[in-house]
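# Coordinate inspection notes
Here's the letter readout for the chains.
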Amino acid sequence: MKRTLGFLMSFLLMWQLSFAQTKSKIYFSNKFSADTVKHTIYALTKELSLKQPGFYRYYSKDYFNRYIDSVISTVNDSLTEMETYLKIKPVISKISCLHTGISLPREYKDEQDKLPNLFPFNLCFINDKTYIVKNYSNVLAISPGDELITVNGRKMSDIVDQLFTLIPSDGYNTTLKYRMLDMQFPLWYRNIDPTENFSVLIKQNNAEKTCSIKGLKYAELSADGFLKEPVRTKQLEFAIINELAILTIHSFSKTDIKKTDQNFKKFIDQAFLELASKKIKNLIVDLRDNTGGSDPYAAYFTSYFFDAPFRYWDRIEVTEAIAKEIKGPTVRLFYNKPVQKDSVWLWQKGKHVDDFDFYETLQPAKNNFKGKSYVLINGFCMSSCADVAAVLSYHKKAVFIGQETGGGYQGNNSGMIPQTKVDPFGFELTVPLQKFYNYVDSTKDIGRGTMPDYPVNLTIQEILNGNDAEMKFVIDLIKNGGKN
């Protein structure tokens with residue numbers, strides 16, 4: 001659901017002026033005074049509270065102010081850029097918005113990738129235990145399926161707790177955080193322990209043993225879907241097998257779909273036309289690991305599950321500071337000025353763009369599906385994908401299988417997301433300017449994602465064997481007439 005539009009350069013300039021200090025070249029060995037670090041944290045959070053509309057969405061102003069004060073109170077001496085980052089990152093993540101982020105400069109990441117500082121294992125996290133899925137080290141005595149107990153003397157539970165403070169997610173959700181560690185643990189871990197040597201305690205066949213491990217470089221460790229985005233030949237897949245249809249949507253992103261030479265609306269139209277012509281009664285929609293993308297695509301897809309007009313979003317809000325920036329002939333050419341209602345500012349339908357129009361009543365698609373729908377979800381269902389899941393779940397248009405979505409059931413903060421730098425450190429900051437409310441029960445699952453009707457948690461053996469337990473579950477469910 002990310003959009004950074006040209007006319008938002010005025011916003012970008014505003015943010016840069018707000019945070020700019022004395023420019024310095026990034027060496028990441030610089031030391032910055034305690035006063036500089038404290039001022040940066042204070043100024044950054046002050047500006048965010050004025051312009052990020054979901055800043056207090058999950059925590060009260062009093063609570064957040066106390067939390068910020070507690071972080072600032074720990075800054076008692078000069079800090080390096082990395083030390084400062086580890087102070088600021090948890091504050092940004094505390095906003096509990098997966099679209100609000102602060103990251104290290106690209107130059108620093110590139111330099112880090114040249115060093116053998118990555119923990120050489122692909123891990124998974126099940127029932128408060130950590131297991132090795134793949135061993136990329138030269139210590140062959142460690143096998144997939146072994147339980148990882150400690151790294152460099154620290155319990156894995158303590159490491160996970162610390163990394164959770166760095167990983168942003170909507171509300172109080174943890175399925176996204178665990179999924180992130182499944183796929184990127186070495187990258188997150190090196191932030192808190194940038195070593196090139198690891199001592200691990202593992203449990204193998206109920207016996208514990210300690211091993212010394214050497215780290216690897218990014219190029220030696222990264223693989224398709226591990227540490228980097230998976231490369232897909234197709235983002236959209238559809239098949240009918242023995243009168244059972246499976247529709248997989250890996251992404252709603254226009255860019256990703258275009259890269260695979262597919263046309264989203266044509267593909268969806270054709271799939272549902274085939275469902276109707278062949279009178280298919282059961283449809284499985286696989287949305288696992290779909291991190292979102294285009295709202296028009298997501299809303300268009302959702303319309304195929306309704307046979308009457310329906311609501312998708314309830315409303316979109318912005319802060320007063322942002323509402324007052326929607327001015328001038330260039331900006332007003334695209335968008336109408338937000339309208340104040342009581343204490344909030346409501347976003348209005350655009351003049352020449354339709355990206356944010358879906359708070360209005362929407363019409364059902366022509367060949368809307370008449371059968372039974374089953375949707376597979378997990379912690380990497382984010383942003384617009386999470387909106388789809390929430391709306392379909394609220395309107396009882398599908399049965400959900402898997403794990404809680406990473407994106408919020410109630411909605412998220414996203415839309416227009418300008419980027420800027422936080423100087424003198426060079427950190428890259430992304431800030432969503434709109435607050436979306438899905439048209440769902442406003443009292444249900446606040447701070448959580450869409451919950452599955454049938455939770456399915458994979459075992460380590462199923463993961464190692466490559467078994468798709470969630471798909472098997474839903475197929476068995478259909479064979480049993482929808483009964484577990």
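It should be emphasised that the depicted structure is a prediction, and the values quoted were computed from it without experimental measurement.

Moving on, we come to the overall build of the protein chain. Each helix and strand in the protein chain was counted, giving 16 helices and 23 strands. The C-alpha atoms of the protein chain give 24 Å as radius of gyration, which agrees with the globular expectation for 484 residues (23 Å, within 12%). Dimensions of the protein chain along its principal axes, counting C-alpha atoms only, are 65 × 65 × 40 Å. Looking at the protein chain residue by residue over its 484 residues, the buried ones come to 54%. In the protein chain, of all internal contacts separated by at least 6 residues, the share reaching a separation of at least 24 is 74%. With an accessible surface of roughly 22,100 Å², the protein chain has 49% of that area assigned to carbon and sulfur atoms. When the 61 positive and 54 negative side-chain charges of the protein chain are each reduced to one mean point, those points stand 3 Å apart.

What follows concerns the sheet that holds strand S21 (residues 427–430). Strand order in this open sheet of three strands is S2-S21-S20, and the pairing throughout is antiparallel. Edge positions in the open sheet fall to strand S2 (101–103) and strand S20 (419–422), since each of these has one partner strand only. Direction aside, the axes of adjacent strands within the sheet are offset by 25 degrees on average. Bridge analysis of S2 against S21 gives three bridges, and the strand direction is antiparallel. Paired with isoleucine 102 across the two strands is leucine 429, which belongs to S21. Its contacts with the sheet place helix H4 (residues 81–94) against S2 and S21, and it is angled at close to 170 degrees to S2.

Within this structure, the stated rule accounts for 20 salt bridges. Measuring nitrogen to oxygen at the nearest pair gives 2.6 Å for the salt bridge that ties arginine 288 to glutamate 470. Of this pair, arginine 288 sits in the loop between strand S13 (282–286) and helix H11 (295–302) while glutamate 470 is found in helix H16 (residues 469–479), placing the two residues 182 residues apart along the sequence. When sorted by exposure, arginine 288 lands in the same class as glutamate 470, which is buried.

Attention now moves to the side chain of serine 222. Mapped onto the secondary structure, serine 222 falls in the loop between helix H8 (218–221) and strand S9 (223–224). Classification of serine 222 by relative accessible area gives buried; the value is 15%. Ignoring sequence-local partners within four residues, the contact set of serine 222 consists of Leu227 and Lys228.

Moving on to the packing of aromatic side chains. For any two aromatic rings, the description comes down to two numbers: the centre-to-centre distance and the angle of the planes. For the structure shown, the criterion picks out 37 aromatic pairs. A network of ring pairs unites the aromatic residues Phe119, Phe121, Phe125, Phe164, Tyr178, Phe185, Tyr189 and Phe198 as a single cluster. Directly above the ring of tyrosine 437 sits arginine 315, whose terminal nitrogen or CZ lies 3.6 Å from the centroid.

A word on the sheet that holds strand S17 (residues 372–377). Overall, mixed pairing links the six strands, which are arranged S11-S12-S13-S17-S18-S23 in an open sheet. If you trace the sheet from one side to the other, it starts and ends with strand S11 (236–241) and strand S23 (454–455), each paired once. Alignment of strand S18 (residues 399–402) against S23, held across two bridges, turns out to be parallel. Bridging from a neighbouring strand, glycine 402 pairs with proline 455 of S23. Lying on the sheet, H16 is in contact with strand S12 (244–249), S13, S17, S18 and S23; it crosses S17 at an angle near 165 degrees.

Within this structure, the stated rule accounts for zero disulfides. Looking at cysteine 97, it has no disulfide partner, and the nearest cysteine sulfur is the one in cysteine 385, 17 Å off. There is no disulfide at cysteine 124, and the cysteine sulfur nearest it, in cysteine 211, is 18 Å away. Residue cysteine 124 is classed as buried on the basis of its relative accessible area, which comes to 4%.

Moving on, we get to the pairing of S13. Counting buried positions along S13 gives five out of five residues, so the element sits mostly inside the fold. Of the two faces of S13, the one carrying Asn282, Ile284 and Asp286 and the one carrying Leu283 and Val285 are both buried. Pairing geometry for S12 and S13, over five bridges, is parallel. What sits directly across from leucine 247, in S13, is valine 285.

About the cut-offs
- Residue positions are given per chain, counting from 1 as you read along its sequence in written order.
- Side-chain atom pairs in this predicted model are given and counted only at pLDDT of 80 or more, local residue features only at pLDDT of at least 70, and totals for whole chains, interfaces and linings cover all residues.
- The side-chain quantities take in all heavy atoms of the structure and omit both hydrogens and water.
- Helix numbering and strand numbering both begin at the N terminus, where a helix is a DSSP run of H or I of at least 4 residues and a strand a DSSP run of E of at least 2.
- Note that the radius of gyration is over C-alpha atoms, with the globule rule given as 2.2 Å times the number of residues to the power 0.38.
- Exposure categories follow from relative accessible area, calculated using a 1.4 Å probe and restricted to protein chains: below 20% of the type maximum is buried, above 50% is exposed, and the middle band is partly exposed.
- Whether two residues are in contact is decided by their heavy atoms: any pair within 4.5 Å suffices.
- Accessible areas in this description were obtained via Shrake-Rupley with a 1.4 Å probe; residue shielding takes into account the shown protein chains only.
- Positive charges come from Lys and Arg, negative ones from Asp and Glu, while His and the chain ends are left out of the count.
- Note that the charge is assigned to NZ on lysines, CZ on arginines, CG on aspartates and CD on glutamates.
- Paired strands, as defined in this entry, are two strands with at least two bridges between them according to DSSP.
- Orientation is described by axes fitted as lines to C-alpha atoms, over the contacting stretch for helices, and by angles from 0 to 180 degrees between their N-to-C directions.
- Each salt bridge in this description consists of a side-chain nitrogen of Lys or Arg and a carboxyl oxygen of Asp or Glu lying within 4 Å of one another.
- Geometry of aromatic contacts follows a simple scheme: Phe, Tyr and Trp rings, the Trp one being its six-membered ring, pair when their centres are within 6.5 Å, and the pair is stacked under 30 degrees between planes, edge-to-face over 60, tilted otherwise.
- The rule for a charge over a ring is simple: NZ of Lys or CZ of Arg within 6 Å of the ring centre, and within 35 degrees of the ring normal.
- When two cysteine sulfur atoms lie within 2.5 Å, the pair is treated as a disulfide.

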